[in-house]
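Structural overview for review
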Amino acid sequence: MLTHQYHHRCFRVQNLRSDRTVPRLTVTLGRNLQTIGYRTLYTCTANHGPIVQFKLSDIGEGIMEVTVKEWYVKEGDKVSQFDSICEVQSDKASVTITSRYDGVIRKLYYDVDATALVGKPLVDIETEAKLIQEEDVVETPAMAREEHTHQEIKGHKTQATPAVRRLAMENNIKLSEVVGSGKDGRILKEDILNFLSKQTGAILPPAPFQDIRTPPTAPPPSAAPRPTSAAMVSRPGPAGPTGPRPVFTGKDRMEPLKGFHRAMVKTMTAALQIPHFGYCDEVDLSQLVQLRSDLKSTSEGRGVKLSYMPFFIKAASLGLLHFPILNASVDEGCQNITYKASHNVGVAMDTSQGLLVPNVKNVQLLSVFDIAQELNRLQTLGAAGQLGAADLSGGTFTLSNIGSIGGTYAKPVILPPEVAIGALGKIQVLPRFDPSGQVVRAHIMAVSWSADHRIIDGATMCRFSNLWKDYLENPARMVLDLK
Amino acid sequence: MMSNVRRMVSLFKGVCRTRTCPVHTWTSGAGLVLQSRSTDVFQNLALEDWIEANVDLRQRGVLLLWRNRPAVVIGRHQNPWTECDLQAATKAGIHVARRRSGGGTVFHDLGNLNLTFFTSKKNYDRRRNLKMITDALRRVRPELDVQATDRLDIVLNGHLKISGTASRLRRDSSYHHCTLLHSADRSALSAVLRPSTSGIHSNATPSVPSPVANLVDHAPTLQWEELLEALVDQYNEEFGCTSALTSIDPSDEASFPGIGLFVSELSSWEWTFGKTPKFSVRTVLDLSEHRSAQLHLEVKNGLVASCQVLVPPDWIPQSLADQLSQVLVGERFCRHGAAAAAVSTLLRLDGTGGRLEELSKAVLRAMG
């Protein structure tokens, strides 16, 4: 017999309900023959308490009716005293109505936008049995109530509602020994239960229904973070030398794919219909690193942050001038190919919404600085979740700088209606041989291209990549071909 | 000034809500007048929250004087899309904020003074507060004809509104705040205080427009400092206290612990837009070649709950328009951001020769 370990099975024992201090109960469970004993401290939900009509109290200034604007609870929710129930509005005054009782909401008397009358019932709350003595209907001012619930024990003021004090009394607990986790150190029911479980080693049931805390209307006052009473993890099995093994109570969560994600599903499914081929290479960016660091301060002087991307984008555009088929589009049946005039280079951005690809329009007309400026603008909008449809559509070629997060080689997926895409890895300092056979530090970045094999062949991709690489490894050559 | 702040902070600490505060009615001699040094609307609204949550108002009342850089402030239960042209506001760098009190929309700028009267629920008396203001104005400029109306506005010369009121009541505390137009820029007002988009049907609290005036239009010599001083003196006289104007900085987390959390909540999208009561949008979208489509959107908590776009059958297949509707459901009611991303992604597969793009752009324009 496991003396200090109890199993609890939550079953609806209606006929045992009324008396809360049930004497020791022995139940035999099937073949197990484990003797289980427990004291019903808290049983499953069922109709077992009086239903109190919580009436709308006086708002002041002689106001007799208000409009219900927002409910914070619904029928079946559990509330504690002082939880917010609803928001009402009257004559430019917004009022938060809070609960007077602990219990379960059983009925809401008004819909949103309905007119509620002062002094008439607002909600029905099912409280626990033998809870609060009849109090007068008009809400007493808060200060009087707080006085009423103080209990002086050995000159030490403790705050607890009458329900909590009863619970403590029934279990022979001194309130002064319980740590209150509520506002101002108020002792809550959960604190009594926690205290008991520690004392007797009893295993307490998880809350019989989800403990839905109604959200406060305003942020909580600046008290220290309150420990929330998490659902207890049930601990079956004997306590071994290493202690009882907790059981994982996590649940799968299912939600429908909506909005942007749904659009991505469609697009990516179509994208993988395109026959992809990949081509990868390494680029030595040592000279570019030097160039960028020289130019950084000038750019910042003009108020623009300069990264490597503007160089990568401009070099790609210069390459596309020689290989326009990479900036093309095919129609659905692959009957016609359209060579796009503008180089609208898309830049994959990791935002809070996911991967978005805004594009820089007409790169063939822009300088590296112009591109940097435009990138800054797009990045700011992206971070704020404010990218517009104009920036997000019309792309003809895409570069994904996944290396800014990490990685070297990748296998990027072409974004229809484009025909090519490049993924750039992170820039790493690696040892390489220079022309004289010495080992030197080199800034190496990997690039992974994917292209539509229906219209683009490997040689084209290779030559384009070599040209792009050449511009970046020898930035001075970009100057020669700048248009 | 710093020692002032420290003293004031300890003042707050002494009267913060504790269990051991004895109960007594609010007696005279207990009032505190504060002036915020911040002109950021979110910081100042957060300051109101902080004072309400942390200062024991049973012992004393507090008057807070504050003003903001240009901002549109909507009431707790209002619809920002109907009250304000959000595109215009963003372009002009004007913040849009939702306050916690009820009532209608106001435009704040540095020429508008805000007064917040914090009291316990027992001492909540808006008319008394407004009387204090009109008495102060009459004292400093006896020729001004100012009156508080039944709607709790203050009007000049019988019909020009110079102050509007709103308030917030909680379990045991309350505040009443109001504006006071000293020298606001009225032209900026009309540019932003109009709907973002047409066709919105909503039960949100509407704003009641009224002709407004600035105090300086009728009392040109009235300086800002003079006005503040008169109000402080009158407050002290009306409520029987002897408080001097104490300047505070709400961005100081050390003096106001926890205020940062209030600021983030008040500036969040979920508060400003997500708290909008549900509404619907019904409008006709004009397309090229004299064609048109019908749009019907339901918006709950600021998110598109349902969407229907009806197109002429010979223009593009209805199934395509339905695909467009589907990708908008669940995203924020905003033409930028996730809705734009969803639409752009869908357009990648467009084979309609630009018609789906045209339709998409028209739908996005109808969204906030």
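These figures come from a predicted structure and were not determined experimentally. Once a new chain begins, its residue numbering starts again from 1 and follows that chain's sequence as written. All chains are assigned letters beginning with A, and all ligands numbers beginning with 1, in the order in which they are written. In keeping with the predicted nature of the model, local features appear solely for residues at pLDDT of at least 70, side-chain atom pairs appear and are counted solely at 80 or more, and the whole-chain, interface and lining totals rest on all residues. Processing note: side-chain calculations cover all non-hydrogen atoms of the structure and skip hydrogens and water entirely.

If you tally the helices and strands in chain B, you get 13 helices and 16 strands. In terms of principal-axis extent, the alpha carbons of chain B reach across some 80 × 50 × 35 Å. In this scheme, a residue with accessible area under 20% of its type's maximum is buried, one over 50% is exposed, and one in between is partly exposed, where area comes from a 1.4 Å probe on protein chains only. Across the 368 residues in chain B, those meeting the buried criterion constitute 58%. With the model as given, the accessible surface of chain B reaches about 14400 Å², and the carbon-plus-sulfur share is 51%. Strands are runs of DSSP state E lasting at least 2 residues, helices are runs of H or I lasting at least 4, and numbering of each runs from the N terminus. Computed with the Shrake-Rupley method and a 1.4 Å probe, the accessible areas treat only the protein chains shown as cover for residues.

Another point: the domain arrangement of chain B. All names here are of chain B. Domain extents, as shown, originate in an automatic or database domain assignment. Considered domain by domain, chain B is made up of domain 1 (2–272) and domain 2 (279–365). Measuring from the centre of the C-alpha atoms in domain 1 to the corresponding centre in domain 2 gives 41 Å. Pairs of residues are marked as contacts when any of their non-hydrogen atoms sit within 4.5 Å. Each partner contributes to the interface: domain 1 provides 12 residues, whereas domain 2 provides 13 residues. Reported buried area values correspond to the accessible surface (1.4 Å probe) lost by two parts on association, with both partners' losses combined. Interface area, domain 1 with domain 2, both sides summed: about 1000 Å², of which 54% is carbon and sulfur. Every case where a carboxyl oxygen of Asp or Glu lies within 4 Å of a side-chain nitrogen of Lys or Arg is listed as a salt bridge. For the pair domain 1 and domain 2, the interface holds one salt bridge. Here Glu270 ties to Arg332 by a salt bridge, and the two come within 3.5 Å at their closest N and O atoms. Here a polar contact is recorded for every N or O atom pair within 3.5 Å, except that within protein the pair must consist of a potential hydrogen donor and a potential acceptor, and residues adjacent in sequence are included only if both atoms are side-chain atoms. On the surface where domain 1 and domain 2 come into contact, there are four residue pairs in polar contact (both at pLDDT 80 or more). Contributions of two or more residues to the side of domain 1 that touches domain 2 are made by strand S12 (200–202) and helix H10 (269–272). Counting residues per element, the side of domain 1 that touches domain 2 draws most heavily on S12, which supplies three residues. Classes in brief: Ala, Val, Leu, Ile, Met, Phe, Trp, Tyr, Cys and Pro nonpolar; Asp, Glu, Lys and Arg charged; the others, Gly included, polar. Among the residues forming the side of domain 1 that touches domain 2, the class breakdown is three nonpolar, eight polar and one charged.

Moving on: the domain arrangement of chain A. Segmentation of chain A into domains returns domain 1 (51–127) and domain 2 (277–481). Placing the centre of domain 1 of chain A and that of domain 2 of chain A at their C-alpha centroids yields a distance of 59 Å.

Residue and element names in this part refer to chain B. Applying the stated criterion across every chain yields a total of 34 salt bridges over all chains. Between Lys131 and Asp135 there is a salt bridge whose closest N-O contact spans 3.0 Å. One end of the pair is Lys131 and the other is Asp135, both in helix H5 (residues 126–140) and four residues apart, which spans about a single turn. Using a relative accessible area of 42% as the deciding quantity, one classes Lys131 as partly exposed.

In this numbering, the UniProt entry assigns the feature "domain: Lipoyl-binding" (unreviewed entry) to residues 51–126 of chain A. When the span residues 51–126 of chain A is considered, its composition is 0% helix and 55% strand, and the gap between its end C-alpha atoms is 4 Å. UniProt positions are given in the numbering used here, feature names are shortened, and annotations may be inferred rather than shown by experiment.

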